[in-house]
Amino acid sequence: MSVRRAATPDGASASGPAALLAAAECVLFDFDGPLCDLFAARPATGVATRLAAELRRTGCDPEVAASGGGDPLALLQAVGAHYGAGERTARAERCLAAEEIEAATGATPTQHALELIGALDAGGWRQAVTTNNSPAAVARFFDRHESAALTDEHIHGRTPDLALLKPDPHCLLRALESTGCPDPAAAVMIGDSPADWLAARAVGVPFIGYAVNDRKRRALEDAGSRWAVRSLRGLVETARGRVPSGAPGMGRLTAGVRG
């Protein structure tokens, strides 16, 4: 599973990502990273450039329009921080949402992510998406991949109130409610950013980091996250352990992991 453990010594050695998943009733996913590369075909830097141009066209403060460092979500947050709730921020959010929906058309699934979703569904886990991206972009992605395991009522994304973006746990609380999982400790979140970890910690949801490289792993560890995996493959194998032998789709799930 390529598990990396942070330096904190506060848990039993038998614990780990597989044990956290096996013990959970509900799995909460971040979207861009653990499930897909949202901007694979429509680079985030280009999205940020177009959003900045639209902001300048509509009279946004030039210093605000130039912020974000090429990260469109950071740029949107800068707009929200400068202007607060109101039409200018709402217009920027709609512009970014349109870009994300278009990007979802060419988003590349993370390796083993679709197998994991299918294995969790077959094994009886409840699932939800908790993301700072547009929920419509998430829905577009799953429509493309014909996945019925994560339906619209379990997709909890960005709202017009930017103060509720992670690390605020608002979307996690909505997900726990929509999946009928009132006990946060009975869930687990799979995320790839410190904001994901902080949101999960705020409500007591156990956390599995998805760290595809050392930079991601260090960022999660520095924030206090204990566990990270480099690949979802081991989690697929854990989930398959709960799927009854001969269940519909079992052969496809097995083939997906081998691939």
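The structure under discussion appears in the preceding block.
Since the model is a prediction, treat every value here as computed from it, not as a measurement.

Here we come to the environment of threonine 49. You can see threonine 49 is positioned in helix α2 (residues 44–57). Since its relative accessible area comes to 52%, threonine 49 is described here as exposed. Distance from threonine 49 to alanine 65, taken between C-alpha atoms, is 9.2 Å for residues 16 residues apart in sequence.

This next bit is on the pattern of salt bridges. Applying the stated criterion to the full structure yields 14 salt bridges. The salt bridge involving glutamate 93 is made with arginine 158; its shortest N-O contact spans 2.8 Å. One end of the pair, glutamate 93, is in helix α5 (residues 87–104); the other, arginine 158, is in the loop between β6 (155–156) and α8 (170–178), with 65 residues separating them in the sequence. Comparing glutamate 93 with arginine 158 shows no difference in burial state: the two are buried. In this structure, glutamate 221 and arginine 217 form a salt bridge, with 3.4 Å as the shortest nitrogen-oxygen distance. Here glutamate 221 and its partner arginine 217 are both found in helix α10 (residues 214–223), four residues apart, which amounts to about one turn of the helix. By relative accessible area, which is 15% here, arginine 217 ends up buried. Connected through shared salt-bridge partners, Asp214, Arg217, Glu221 and Arg230 make up one network.

The next subject is the pairing of strand β2 (residues 26–29). Here β2 shows no split at all, with Cys26 and Leu28 on one side and Val27 and Phe29 on the other all buried. Here β2 pairs with strand β7 (residues 187–191) via four bridges, running parallel. The residue of β7 that forms the bridge with valine 27 is valine 188.

In this section: the nonpolar core. Counting 51 residues, the largest nonpolar core has Leu116, Phe142 and Ile190 as the members making the most contacts within it. Those residues in contact with leucine 116 that lie beyond four places of it in its chain are Phe29, Ile190, Leu232, Leu235, Val236 and Ala239. In terms of nonpolar packing, the next biggest core, distinct from the first, is built from 20 residues, Ala128, Ala175, Met189 and Ala228 among them.

Here the focus is empty space enclosed by the protein. Counted by the stated rule, this structure contains one cavity of 30 Å³ or more. Reported here for the largest cavity is a volume of approximately 60 Å³. Lining of the largest cavity is provided by Thr131, Asn132, Gly157, Arg158, Thr159, Asp161, Leu164, Leu165, Lys166, His170, Cys171 and Arg174.

At their nearest, the axes of helix α6 (residues 113–123) and helix α11 (residues 233–240) sit 8 Å apart, and the two run at 20 degrees to each other. Classified by the interaxial angle, the pair formed by α6 and α11 is roughly parallel. Considering the relative orientation of α6 and α11, their crossing is left-handed. On the side of α6, the interface is formed by Glu115, Leu116, Ala119 and Leu120, while α11 contributes Leu235, Val236, Ala239 and Arg240. Each residue belonging to the contact of α6 with α11 can be placed in one class, and the counts come to six nonpolar, no polar and two charged.

Criteria and cut-off values
- Residues numbered from 1 in each chain as written.
- Predicted model: local features only at pLDDT ≥ 70, side-chain atom pairs only at ≥ 80, totals over all residues.
- Heavy atoms only, no water.
- Helix = DSSP H or I, 4+ residues; strand = E, 2+ residues; numbered from the N terminus.
- Buried < 20%, exposed > 50% of the residue type's maximum accessible area, 1.4 Å probe, protein only.
- Salt bridge = Lys/Arg side-chain N within 4 Å of Asp/Glu carboxyl O.
- Pairing = 2+ DSSP bridges.
- Core = buried A, V, L, I, M, F, W, Y, C linked by side-chain atoms within 4.5 Å.
- Contact = heavy atoms within 4.5 Å.
- 1 Å grid on protein atoms, 1.4 Å probe; cavity = no way out; pocket = protein on both sides within 12 Å on 5 of 7 lines; lining within 4 Å.
- Points joined across faces, edges and corners; volume = space filled by probe spheres on them.
- Axes fitted to C-alpha atoms, helices over the stretch in contact; angles between N-to-C directions.
- Parallel < 35°, antiparallel > 145°, perpendicular 65-115°, else oblique.
- Left-handed = near helix turned anticlockwise from the far one by under 90°.
- Nonpolar A, V, L, I, M, F, W, Y, C, P; charged D, E, K, R; others polar.

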